[in-house]
Amino acid sequence: MAAEESRPPFTRDDVSRMVEHMNDDHSDSVLAYAQHFGHRPDATAATLLDVTATNMRIQVETPDGAAELTVDFDH
């Protein structure tokens, strides 16, 4: 069994804490993730929406409006 398969999934409380922490304390990093790993260099703001063991969902603001993207984690 691969290491990621043996980890229990995040609880909703875990996810809520991670999302809140990232948005409150590391919003610049969330924006950088969206721009680089989400291939949205035009993003001017970003909000982490959700995180799982395999990806994160981010809402971005761009000159053309809001968009949602998924960034898969490289295992």
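The shown structure was predicted, so the numbers you read here are calculated from the model rather than taken from an experiment.

A. The overall build of the protein, seen in detail. Secondary structure assignment for the protein yields three helices and three strands. Starting at the N terminus and ending at the C terminus, the protein contains elements arranged as α-α-α-β-β-β. Sorting the 75 residues of the protein into buried and exposed places 25% on the buried side. Excluding contacts between residues fewer than 6 apart, the proportion of contacts in the protein whose partners are at least 24 apart in sequence is 26%. A total accessible area of about 5,200 Å² is found for the protein, and carbon and sulfur atoms account for 51% of it.

B. The arrangement of the sheet that holds strand β3 (residues 65-72) in detail. Strands sit in the order β1-β2-β3 across an open sheet of three strands; the sheet is antiparallel. Looking at strand neighbours, the two that pair on one side only are β1 (45-51) and β3, the edges of this open sheet. Across the sheet, the mean angle separating the axes of adjacent strands is 25 degrees when strand polarity is ignored. Helix α3 (residues 27-36) contacts β1, β2 (55-62) and β3 of the sheet and is inclined by roughly 90 degrees relative to β1.

What counts and what doesn't
Residues numbered from 1 in each chain as written. Predicted model: local features only at pLDDT ≥ 70, side-chain atom pairs only at ≥ 80, totals over all residues. Heavy atoms only, no water. Helix = DSSP H or I, 4+ residues; strand = E, 2+ residues; numbered from the N terminus. Buried < 20%, exposed > 50% of the residue type's maximum accessible area, 1.4 Å probe, protein only. Contact = heavy atoms within 4.5 Å. Areas by Shrake-Rupley, 256 points an atom, 1.4 Å probe, with all protein chains shown as cover. Pairing = 2+ DSSP bridges. Axes fitted to C-alpha atoms, helices over the stretch in contact; angles between N-to-C directions.

This is a description of form; function is not addressed.
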